[in-house]
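Commentary on secondary and tertiary structure
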Amino acid sequence: MDEYYRSEKFKKLLSRYESFRNGEHGVAILDSEEIIDVAEFYYAIRNISEAVEAADLALAIYPGATTPLAFKARLAANDEKDYHKALDIIEMVADKSDIEYSYAKAEIALANNDVESADKLLEERFNDCDEFDNEECQDIILEIAEIYADYDRMDRCRKWLGKAEDTESSFYKELMAKVYISEGRFKEAETLINNLIDDNPYNIAYWNKLAFVYFACNNIQESMTASEYALAINKEDEDALLNKANCLYYLGNYEDSLAYYKKYNETAPWSDIGYIYLAMMCMYFGDINKSVELYKIALEKAKERHASENIRTACHELALIHGKRGEFNTADYYLDELVKAGAPEALRKALKGTIYLFNKMTSEAFEMFRKATIESNKDSDVLLTIGIALYDNLKLSNAYSVFRYIVENNGERGRIAIPYLARCCFDLDKKEEYKKYLRMSLSYSPTETFTILSELYPNGTSPEDYLNIEPVLPTK
């Protein structure tokens, strides 16, 4: 959650808003921006009804005001995926010369993946800002860059940052660090974030961003240290709790990892990702029924905020769990939900084949895998699903062939299969190939290398030490 929402200033504003909303006497009227600050807070904690109520209150007092209409338009575009409704709302703005009106229209276009329209809107608005002095124009440049960053259009963000004159401001450095991260230039991002921390060592967001960069570079201990600095500032910071949980998991400290996932979930009960992590940990500790319960909660929360990726994750896991139990109708329901959330039909077939394989229906499974392979045109993600299913069901030679095909025929995308191929080589006693693919895996996918190969090494062994230790098949 934004640090502003934890500040005394915001707590006083929230108290004033609640008193005003409840009609208490002697409470000064709030302006529309203050009320929308409260709406944004409610939105951040996924209390959508309260957020909409706040925006409607602002419009009742200030009809045609830009800020509350922009808030409702963004809500329609991003959460409801109703772009026509969003455009209808934003056209109710009284002052269309307000730059926030242009920003909101551009965001609606970006939410609809219409980057060209957003580009045109923002370029025209920027070129027509004669009423602003140079300092204000520079602020607009960074605001536009931030809009593109918020919608993960980092190439456009970089383009607008190229127009900025002051490259030493914290706002510029924050955005440039995001660009570097998106480009995989983690060292440059680390340098910028450390500069920001030097200027403001009590900014939790900076420590969390540094923790993320360290984790991405496989510097797990440094990542956890950065998270601990953030937690020293605020022991209930969600991002820091989640990152520390991930670090502990990566280091093989599963009990403490679970404890931090629970702390994260208690601090951010609206977060679908928290329930997904808890479900994952319950699976690890063998509590399947609890895992199902948590995945179902995660699914409902992900649906509430239209989080397609997390909807797909929950449906994927629920389909496999029910499929393993032979509950085919329930598994089919979640596979249907998976496709509704944007997964390709070929992936559905690959997972259906996985379920058949779990239930010893080998011929049906291989027929489904054949259809999925043809339908996807040998897509690497679909093939990876098939390969994992084959490996999990001890079809090691088949799995080896699939993983090797992915690695050798999919360029950079094929890297996702390298850790799995290394594991297959180990199990098939292909020692030289194992060393070859282990080196590649450590280079390209250190986190996945740990996830897939860590059980072959003593608990707590860092992945960079795998090459110096003889792997041993774990005892079951």
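Below is a summary of the structure that appears in this document. (Residues numbered from 1 in each chain as written. Predicted model: local features only at pLDDT ≥ 70, side-chain atom pairs only at ≥ 80, totals over all residues. Heavy atoms only, no water.)

Describing the overall build of the protein
- A count of helices and strands for the protein gives 26 helices and 0 strands.
- A compact globule built from 476 residues would reach a C-alpha radius of gyration of about 23 Å, and the protein, at 25 Å, matches this within 12%.
- Its C-alpha atoms give the protein principal-axis dimensions of about 75 × 50 × 45 Å.
- Partitioning the contacts of the protein with sequence separation of at least 6, the portion at a separation of at least 24 is 50%.
- Per element, the accessible surface of the protein, about 23400 Å² overall, is 48% carbon and sulfur.
- Between the centroid of the 56 positive side chains of the protein and the centroid of its 86 negative side chains there is a distance of 8 Å. (Helix = DSSP H or I, 4+ residues; strand = E, 2+ residues; numbered from the N terminus. Rg over C-alpha atoms; globule rule 2.2 N^0.38 Å. Contact = heavy atoms within 4.5 Å. Areas by Shrake-Rupley, 256 points an atom, 1.4 Å probe, with all protein chains shown as cover. Lys, Arg positive; Asp, Glu negative; His and termini not counted. Charge placed at Lys NZ, Arg CZ, Asp CG, Glu CD.)

Notes on the layout of surface pockets
- Put simply, the second largest pocket is a space of about 280 Å³.
- For the second largest pocket, the lining is made up of 17 residues, of which K431, Y434, K435, E470 and P471 are closest to its centre.
- Elements with a minimum of two residues in the lining of the second largest pocket: α24 (418-427) and α25 (431-444).
- Ranked by residues supplied to the lining of the second largest pocket, first place goes to α25 with 5 residues. (1 Å grid on protein atoms, 1.4 Å probe; cavity = no way out; pocket = protein on both sides within 12 Å on 5 of 7 lines; lining within 4 Å. Points joined across faces, edges and corners; volume = space filled by probe spheres on them.)

Regarding the nonpolar core
- If you look at the biggest cluster of nonpolar residues, it comprises 148 residues, and the most contacted ones within it are L161, F403 and Y434.
- Those residues in contact with F403 that sit more than four places away from it in its chain are L384, G387, I388, Y391, A417, Y420, L421 and C424.
- Core analysis: the second largest hydrophobic core is formed by 17 residues, Y5, I36, A51 and A58 among them. (Core = buried A, V, L, I, M, F, W, Y, C linked by side-chain atoms within 4.5 Å. Buried < 20%, exposed > 50% of the residue type's maximum accessible area, 1.4 Å probe, protein only.)

Things to note about the pattern of salt bridges
- For the structure shown, the criterion picks out 32 salt bridges.
- For R185, the salt bridge identified is with E183, shortest N-O distance 3.5 Å.
- Residue R185 is classed as partly exposed on the basis of its relative accessible area, which comes to 32%.
- Classification of E183 by relative accessible area gives partly exposed; the value is 38%.
- Salt-bridge contacts for K352 lead to D332; the nearest nitrogen and oxygen are separated by 2.7 Å. Of this pair, K352 sits in helix α20 (residues 345-358) while D332 sits in helix α19 (residues 328-340); the two residues are 20 residues apart in sequence, bridging distant segments of the chain. (Salt bridge = Lys/Arg side-chain N within 4 Å of Asp/Glu carboxyl O.)

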